[in-house]
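Listed here are the chains, written in short residue letters.
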Amino acid sequence: MPSNVAIVPAAASAEALQHFSRKLGFETDCWDVHDALSWGVTDFVLLDVRSPSLYAQGHVPGALSLPHGKITARRMAEWPDGTLFVTYCAGPHCNGADKGALRLAQLGLPVKLMIGGVTGWLDEGFALATGEAQGDLAPRQAAE
């Protein structure tokens, strides 16, 4: 008798390729965000879509506080066309990042979700910034 893992057969390789390729178009992870920020790569805007009080208690360094309910066309017009936004919230138990990503997509803006949110960030061993200021990561230097 097959295990609960194998009872439903795996998708064909071609289907898996399409699925996982598409999935990466919708999400990124804490490690990749941390890596980009630590190298000073700013080809995306990181949005903490939780409340301002939760943001102040601890947020990803470099993230802007923009609660998902305040994502409007007027507010998002502050950024150039084509800006990539990455949303996150408390963690996998929270759908605020999805709500923020949905609002951005409804406005026709490129968006990805940072899977794991604050919980994932902490699980990776990364520190949070506190207070109302964005904060930033100490930049890494390339090895000579």
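**Q** For this particular structure, what's the right way to read the nonpolar core?
**A** Counting 16 residues, the largest nonpolar core has L46, V60, M114 and W121 as its most contacted members. Looking at this core, the elements that each hand over two or more residues are helix 2 (30–38), strand 4 (85–88) and helix 6 (117–123). In contact with M114, not counting residues within four places along its chain, are T28, D29, C30, V33, V60, V86, T87, Y88 and W121.

**Q** Please clarify how the side chain of S38 should be interpreted in this entry.
**A** As for its placement among the helices and strands, S38 is situated in helix 2. From its side chain, S38 meets the backbone oxygen of D35 in a polar contact 3.0 Å long.

**Q** It is not clear to me how the pattern of salt bridges should be interpreted in this structure. Could you clarify?
**A** In a structure, side chains of opposite charge can pair up when their charged atoms sit close to one another. What the rule picks out here adds up to three salt bridges. With a shortest N-O distance of 4.0 Å, E27 and K23 are connected by a salt bridge. The shortest N-O distance in the salt bridge between R50 and D48 comes to 2.7 Å. D48 matches R50 in its accessibility class, with the two residues each being buried.

Scoring rules and cut-offs
Residues numbered from 1 in each chain as written. Predicted model: local features only at pLDDT ≥ 70, side-chain atom pairs only at ≥ 80, totals over all residues. Heavy atoms only, no water. Core = buried A, V, L, I, M, F, W, Y, C linked by side-chain atoms within 4.5 Å. Buried < 20%, exposed > 50% of the residue type's maximum accessible area, 1.4 Å probe, protein only. Helix = DSSP H or I, 4+ residues; strand = E, 2+ residues; numbered from the N terminus. Contact = heavy atoms within 4.5 Å. Polar contact = N/O pair within 3.5 Å; in protein donor to acceptor, adjacent residues only side chain to side chain. Salt bridge = Lys/Arg side-chain N within 4 Å of Asp/Glu carboxyl O.

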